[in-house]
Amino acid sequence: KALEDVAYTPDFSNGDYVVKLERGNLLKEFTINTPIGLVSENIVTGATVGGVPGNHVCEGFTDSDLATGNVTGEVRDINLLSIVDYAFAGTGINVAYFPSCSQVGKYAFAECVSLNEITLDYPNISVVESCAFMSTQISSVDLPSCTKINHSAFQDCKSLTEVNAPLCSETYTYAFSGCTSLTTAPELPATALAYSCYDSMFFGCTSLTTAPELPAT
């Protein structure tokens, strides 16, 4: 049955992923039981519509729409604790709402060039994996418990203006490179440097006017 013919109310308490896709006057909202599912040949695999799991036609949307950002989308799950590697990479989502999630895999949101709102359990994130947020439109990051930011984690986040990570003693190559709106650099608390720690981390950050203090010798 075509998706637009089915009325379905998402059940957040059961951990539904809710995806809303919108293009012009065309609007689709559906739930899936894996992050973003597999959108291929206009079929959403693993969607749950009307309480019945299965494959459902998502007419009017294609892989290229998602990849090029022609579709805006929202993904939400209040119970999700972790996001796997590459979960949403390259998709056209613009809102990610996972307030219980404190583990984000590498490339999880990479190249989501329309993504400007990311809600996570930031106070409990201890490690940011490689390229996790690369090329998103995130504007600020507050990571009070984070101790490690891997390479290119926020590379080319051109809307990023501020980063707070006071305990992060390991930040690796190109972590913030290309963040051309970054005006306030995070603290660099390391007293000893691991290999490639802090290497080129602010390369291309053209709005930075002062360098953070570096206590490491």
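Right, let's walk through the structure included here. Because the structure is predicted, anything quoted here is derived from the model rather than measured.

**Here's the deal with the environment of Gln137**
Next, step 1: Tracing the backbone through its elements, the reader meets Gln137 in the loop between strand S11 (127–128) and strand S12 (140–142).
Next, step 2: Residues Gln137 and Ser114 lie 23 residues apart in sequence; the distance between their C-alpha atoms is 6.4 Å.

**Side note on the sheet that holds S11**
Next, step 1: The sheet built from 3 strands is open, its strands ordered S11-S13-S15 with parallel pairing. In this open sheet, the two edge strands, each paired with only one partner strand, are S11 and strand S15 (170–171).

**Description of unusual backbone geometry**
Next, step 1: Backbone geometry places Ser135, a non-glycine residue, at a positive phi of 65°.
Next, step 2: Structurally, Ser135 is set in the loop between S11 and S12.
Next, step 3: Taking relative accessible area as the criterion, Ser135 reaches 11% and is therefore assigned buried.

**Points about the packing of aromatic side chains**
Next, step 1: Under the definition given, this model contains 5 aromatic pairs.
Next, step 2: With 5.9 Å between their ring centres and 20° between their planes, Phe109 and Phe133 make a pair best called stacked. Taken together, the residues span a long stretch of sequence, with Phe109 in the loop between strand S9 (103–104) and strand S10 (117–119) and Phe133 in the loop between S11 and S12 at a distance of 24 residues.
Next, step 3: The exposure class of Phe109 is buried, given its relative accessible area of 0%.
Next, step 4: Taken together, a centroid distance of 5.2 Å and an interplanar angle of 5° make the contact between Phe133 and Phe154 stacked. With a gap of 21 residues between them, Phe133 in the loop between S11 and S12 and Phe154 in the loop between strand S13 (148–149) and strand S14 (162–164) connect regions that are remote in the sequence. Neither residue differs from the other here; Phe133 and Phe154 are each classed as buried.
Next, step 5: Among the aromatic side chains, those forming a connected cluster through ring pairs are Phe109, Phe133, Phe154, Phe176 and Phe202.

**What about the side chain of Ser130?**
Next, step 1: Assignment of secondary structure puts Ser130 in the loop between S11 and S12.
Next, step 2: Taking relative accessible area as the criterion, Ser130 reaches 12% and is therefore assigned buried.
Next, step 3: Among the polar contacts made by the side chain of Ser130, one reaches the side chain of His151 at a distance of 3.3 Å.
Next, step 4: When residues no more than four places from it in sequence are discounted, the contact partners of Ser130 are Lys106, Tyr107, Asn150 and His151.

Quick notes on the rules
Residues numbered from 1 in each chain as written. Predicted model: local features only at pLDDT ≥ 70, side-chain atom pairs only at ≥ 80, totals over all residues. Heavy atoms only, no water. Helix = DSSP H or I, 4+ residues; strand = E, 2+ residues; numbered from the N terminus. Pairing = 2+ DSSP bridges. Buried < 20%, exposed > 50% of the residue type's maximum accessible area, 1.4 Å probe, protein only. Phe/Tyr/Trp six-rings, centres within 6.5 Å; stacked < 30°, edge-to-face > 60°. Polar contact = N/O pair within 3.5 Å; in protein donor to acceptor, adjacent residues only side chain to side chain. Contact = heavy atoms within 4.5 Å.

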